[in-house]
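Examining the three-dimensional arrangement
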Amino acid sequence: QSLPQQKLLTWLSVLECVEVFAEMGTARVWGEMGRWTIIVLIQLAKAILRLLLLLWYKGGIQTSPPIVPLNREQQQPLHPQDIEDSSLGKDQTYVGKRSSRVVRSLQNTPSLQSRHWGSPQQREESQSRRAEEMNQPPTPLGLQETIAESIYITRPLLHLLSLGVWGQRSWKPWLLSAVLDISSLSLLSDLKDLNRRERAELRRRTMLLLYYLLRSPFYDRYSEGRILLLLRLLADYVPGVGFVTRKWVPLLYPHFCWVEKNQG
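As recorded in an unreviewed UniProt entry, the protein goes by Peroxisomal membrane protein PEX16 and comes from Hemiprocne comata. According to the UniProt record, the Sequence similarities (unreviewed entry) comment for the protein reads "Belongs to the peroxin-16 family." What UniProt states about the protein under its Subcellular location (unreviewed entry) heading is, verbatim, "Peroxisome membrane".

**Remarks on the packing of aromatic side chains**
All told, the structure shown has 6 aromatic pairs when counted by the stated rule. Aromatic pair Trp 171 and Trp 174: ring centres 5.4 Å apart, planes at 85 degrees, arrangement edge-to-face. Separated by 3 residues within a single helix, Trp 171 and Trp 174 lie in helix H6 (residues 171-188), roughly one turn from each other. The exposure class assigned to Trp 174 is buried, which follows from its relative accessible area of 14%. A centroid spacing of 5.2 Å and a plane angle of 40 degrees characterise the contact between Phe 218 and Tyr 222, whose relative ring orientation is tilted. A residue pair is termed a helical-turn pair when its members lie 3 or 4 positions apart in one helix, as Phe 218 and Tyr 222 do in helix H8 (residues 218-237) at 4 residues.

**Structural notes on the pattern of salt bridges**
Scanning all chains against the criterion turns up 8 salt bridges. In this structure, Arg 205 engages Glu 201 in a salt bridge whose closest nitrogen and oxygen atoms are separated by 2.9 Å. Of this pair, Arg 205 and Glu 201 both sit in helix H7 (residues 196-208), 4 residues apart, which is roughly one turn of that helix.

**Quick look at a nonpolar patch on the surface**
On the surface, Leu 229, Leu 230, Leu 233, Leu 234, Tyr 237 and Val 238 cluster together to form a nonpolar patch covering roughly 580 Å² of accessible area. Following the sequence through the fold, Leu 230 ends up in helix H8.

**Quick notes on the packing of helix H5 (residues 143-166) against H6**
For the pair H5 and H6, interaxial distance at closest approach is 9 Å and the crossing angle is 175 degrees. Taken together, the axes of H5 and H6 lie roughly antiparallel to each other. Packed against H5, whose contacting residues are Gln 144, Glu 145, Ala 148, Glu 149, Ile 151, Tyr 152, Arg 155, Leu 158, His 159, Ser 162, Leu 163 and Trp 166, the element H6 presents Lys 172, Pro 173, Trp 174, Leu 176, Ser 177, Leu 180, Asp 181, Ser 184, Leu 187 and Leu 188 at the interface. Residue classes in the contact of H5 with H6 are distributed as 12 nonpolar, 5 polar and 5 charged.

**As for H8**
The end-to-end C-alpha separation of H8 is 28 Å, in line with the 28 Å expected for 20 residues at 1.5 Å each. A bend of about 40 degrees at Glu 224 is the largest found in H8. Residues Tyr 219, Ser 223, Glu 224, Leu 228, Leu 231, Arg 232 and Ala 235 constitute the buried set of H8.

**Let's talk about the environment of Ser 2**
By the element assignment, Ser 2 lies in the segment before helix H1 (3-56). Ser 2 sits 55 residues away from Tyr 57 along the chain, and the two C-alpha atoms are 8.9 Å apart.

**Considering the packing of H1 against H5**
Running from N to C, H1 and H5 cross one another at 170 degrees; their axes reach a closest spacing of 10 Å. If you check the angle between H1 and H5, you find them roughly antiparallel. Along the contact surface, H1 presents Trp 36, Ile 39, Val 40, Gln 43, Leu 44, Ala 47, Arg 50, Leu 51, Leu 54 and Leu 55, while H5 presents Thr 146, Glu 149, Ser 150, Ile 153, Thr 154, Pro 156, Leu 157, Leu 160 and Leu 163. Classifying every residue of the contact of H1 with H5 gives 13 nonpolar, 4 polar and 2 charged.

**A word on unusual backbone geometry**
The amide bond that connects Ser 64 to the next residue, Pro 65, takes the cis arrangement and shows omega of 0 degrees. Along the chain, Pro 65 turns up in the loop between H1 and helix H2 (72-75). Along the chain, Ser 216 connects to Pro 217 via a cis peptide bond; the corresponding omega equals 5 degrees. Tracing the backbone through its elements, the reader meets Pro 217 in the loop between H7 and H8. Even without a glycine there, the phi angle at Lys 58 is positive, about 55 degrees. For Lys 58, the location among the structural elements is in the loop between H1 and H2. The class of Lys 58 is exposed, set by a relative accessible area of 61%. Unlike most non-glycine residues, Asp 193 shows phi in positive territory, near 60 degrees. Relative to the helices and strands, Asp 193 is located in the loop between H6 and H7.

What counts and how
Residues numbered from 1 in each chain as written. Predicted model: local features only at pLDDT ≥ 70, side-chain atom pairs only at ≥ 80, totals over all residues. Heavy atoms only, no water. UniProt positions renumbered as here; feature names shortened; annotations may be inferred. Phe/Tyr/Trp six-rings, centres within 6.5 Å; stacked < 30°, edge-to-face > 60°. Helix = DSSP H or I, 4+ residues; strand = E, 2+ residues; numbered from the N terminus. Buried < 20%, exposed > 50% of the residue type's maximum accessible area, 1.4 Å probe, protein only. Salt bridge = Lys/Arg side-chain N within 4 Å of Asp/Glu carboxyl O. Patch = residues over 30% accessible without salt bridge, like charges linked within 9 Å, V, L, I, M, F, W, Y side chains within 5 Å. Areas by Shrake-Rupley, 256 points an atom, 1.4 Å probe, with all protein chains shown as cover. Axes fitted to C-alpha atoms, helices over the stretch in contact; angles between N-to-C directions. Parallel < 35°, antiparallel > 145°, perpendicular 65-115°, else oblique. Contact = heavy atoms within 4.5 Å. Nonpolar A, V, L, I, M, F, W, Y, C, P; charged D, E, K, R; others polar. Expected span 1.5 Å × (residues − 1). Bend = angle between axes of the 7 residues up to and from the residue.

Quick look at the structure:
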């Protein structure tokens, strides 16, 4: 990746990390109007950055988070003693005669800080496989796939626009957002030879469709009552669950207190 592309990914990651804090802080200081203003600005900035990565830098299917978190255990280099023993041709492992289990020999045990629970060969293989996955180029997208990714990128802006036109209680923003998500996934389903990160991203987007059951107005009219009923059944008939639901669930579902008071 070029340096400008890395900077765009970094700024995109920063926006995704601070957007919730910025929304809550703005709502606390400037009220509801300020909250919606900062939401629109952040989503607009994210869409611009993602479109630049998609159309200008040919970034392919963009994952979330944009920058993969560093796995320090897998990125930790081998112990110097292991490298020295490998260069000298020393046997770093011992194979049990009866169990055939491969273990590290006691003479080559590293310090406690750099110790791991696998053989040197397994660790070298995992590091090389990890490096190969990280260095895989993005899958080239055709016109159909580029349109599908563009739909996914601009969907939050279209959703916000529909909320401003039809209001938060209307079904039209909910339906529009769902149709755009499903359309994007359908157009991307024909893409073959995806790398591991891209396949995981498509699975994540598919699972996120379940969140539509928890979004208004579907949640207000259908999901809320069923969720509260399930929580009440768990609290009444499953030992130990009632303590959790009655203490912590009201923080997430304020109406649960009302149900407990009037039906308990």
